Amino acid sequence: MEQEFHYAPFRVEAGKIREFALALGLKDAVYFDRQAAIAAGFRDIPAPPTYTTVIDFWNERDFYQLFANWGLNPNDILHGEQSFEYQKDIINGDVITATAVLIDHFDKKNKRFYLIETTYRNQHNEVVRIGRATLIERREQHGTLAGH
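A few points on the structure.

Thresholds, definitions, all that
Residues numbered from 1 in each chain as written. Predicted model: local features only at pLDDT ≥ 70, side-chain atom pairs only at ≥ 80, totals over all residues. Heavy atoms only, no water. Salt bridge = Lys/Arg side-chain N within 4 Å of Asp/Glu carboxyl O. Helix = DSSP H or I, 4+ residues; strand = E, 2+ residues; numbered from the N terminus. Buried < 20%, exposed > 50% of the residue type's maximum accessible area, 1.4 Å probe, protein only. Arc of directions from axis to C-beta. Contact = heavy atoms within 4.5 Å. Core = buried A, V, L, I, M, F, W, Y, C linked by side-chain atoms within 4.5 Å. 1 Å grid on protein atoms, 1.4 Å probe; cavity = no way out; pocket = protein on both sides within 12 Å on 5 of 7 lines; lining within 4 Å. Points joined across faces, edges and corners; volume = space filled by probe spheres on them. Nonpolar A, V, L, I, M, F, W, Y, C, P; charged D, E, K, R; others polar. Phe/Tyr/Trp six-rings, centres within 6.5 Å; stacked < 30°, edge-to-face > 60°.

### Let's talk about the pattern of salt bridges
(1) Moving on: Counting across every chain of the model gives seven salt bridges.
(2) Moving on: Ionic pairing is found between Asp76 and Arg138, a salt bridge with its closest N-O pair at 4.0 Å. Of this pair, Asp76 sits in the loop between helix H4 (60–69) and strand E3 (77–86) while Arg138 is found in strand E6 (residues 127–138), placing the two residues 62 residues apart along the sequence.
(3) Moving on: Assessed through its relative accessible area of 24%, Asp76 is described here as partly exposed.
(4) Moving on: Among the residues examined, Arg138 registers a relative accessible area of 29% and is labelled partly exposed.
(5) Moving on: Put simply, Glu117 and Arg132 hold a salt bridge, and the shortest N to O gap is 2.9 Å. Note that Glu117 is positioned in strand E5 (residues 111–121) and Arg132 in strand E6, a separation of 15 residues in sequence.

### Topic: helix H1 (residues 14–24)
(1) Moving on: Taken together, the buried positions of H1 are occupied by Ala14, Ile17, Phe20 and Ala21. All buried residues of H1 fall inside an arc of 125° around its axis, so they share one side. When the buried face of H1 is taken as reference, the exposed residues oriented beyond 90 degrees from it are Leu22 and Ala23.
(2) Moving on: Where H1 is buried, its residues contact helix H3 (52–57).

### Structural notes on the nonpolar core
(1) Moving on: Counting residues in hydrophobic clusters, the biggest one holds 32 residues, and the most contacted among them are Val12, Tyr51, Trp70, Ile96 and Ala100.
(2) Moving on: At the level of secondary structure, the elements contributing two or more residues to this core comprise H1, H3, H4, strand E4 (95–108), E5 and E6.
(3) Moving on: In this view, Ile96 contacts Ala8, Pro9, Phe10, Val12, Ile55, Ile90, Tyr120, Arg121, Asn122 and Val128; residues no more than four positions away in its chain are not counted.

### Concerning the environment of Ile77
(1) Moving on: Along the polypeptide, Ile77 turns up in strand E3.
(2) Moving on: Spatially, the C-alpha atoms of Ile77 and Thr50 are 21 Å apart, while their sequence positions differ by 27 residues.

### As for the layout of surface pockets
(1) Moving on: There is about 370 Å³ of room inside the largest pocket.
(2) Moving on: Taken together, 20 residues make up the lining of the largest pocket; nearest its centre are Asp56, Phe57, His79, Ala133 and Leu135.
(3) Moving on: Secondary structure elements with two or more residues in the lining of the largest pocket: H3, H4, E3, E5 and E6.
(4) Moving on: Of the residues in the lining of the largest pocket, the class split is 13 nonpolar, five polar and two charged.

### Here's the deal with the environment of Leu72
(1) Moving on: With respect to the helices, strands and loops of the structure, Leu72 is situated in the loop between H4 and E3.
(2) Moving on: Considering only alpha carbons, one finds Leu72 and Glu137, 65 residues apart in sequence, at a separation of 7.9 Å.
(3) Moving on: The residues contacting Leu72, other than those within four sequence positions of it, are Phe67, Ile77, Tyr114 and Glu137.

### Details of the packing of aromatic side chains
(1) Moving on: As enumerated under the stated definition, the model contains five aromatic pairs in all.
(2) Moving on: Between Phe5 and Tyr7, the aromatic rings sit 5.3 Å apart at their centres with planes inclined by 90°, giving edge-to-face as the arrangement. We note that Phe5, like Tyr7, is buried.
(3) Moving on: Arranged with centres 5.2 Å apart and planes meeting at 5°, the rings of Phe106 and Phe113 form a pair that is stacked.
(4) Moving on: According to the relative accessible area criterion, Phe106 is partly exposed, its value standing at 33%.
(5) Moving on: Phe113 sits in the buried class, given a relative accessible area of 16%.

What follows is the structure, given as structure tokens:
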């Protein structure tokens, strides 16, 4: 099992930021208007704090390849927990690269838990976010899912 996965570069665009902000129900003008963002001290429109989820799932090839590299079936995976460490703003025009690393995995109650840390960097190779996630793989036991 390969421990590290590199996502394709992702260009942050104002339109996608706007869509994500609308989906979250955000009202702050900095996510919709460049002048408001600059007036608030940003160099351009910033992405909302959890925008890295867009980066994680925008490229279907990366999504399925990540699971395949780790021998997982996405249909058997539950997203258990997520946290973020914020280093720098992600801004319209940035190109973000990400590397996901399988930190640990362990079994508990007929399930396997995977601890993943993803580091997101901008075009200047600066760390902008670190995401930590726990994925839970449902495991079959005697032909049925455990607990059913």
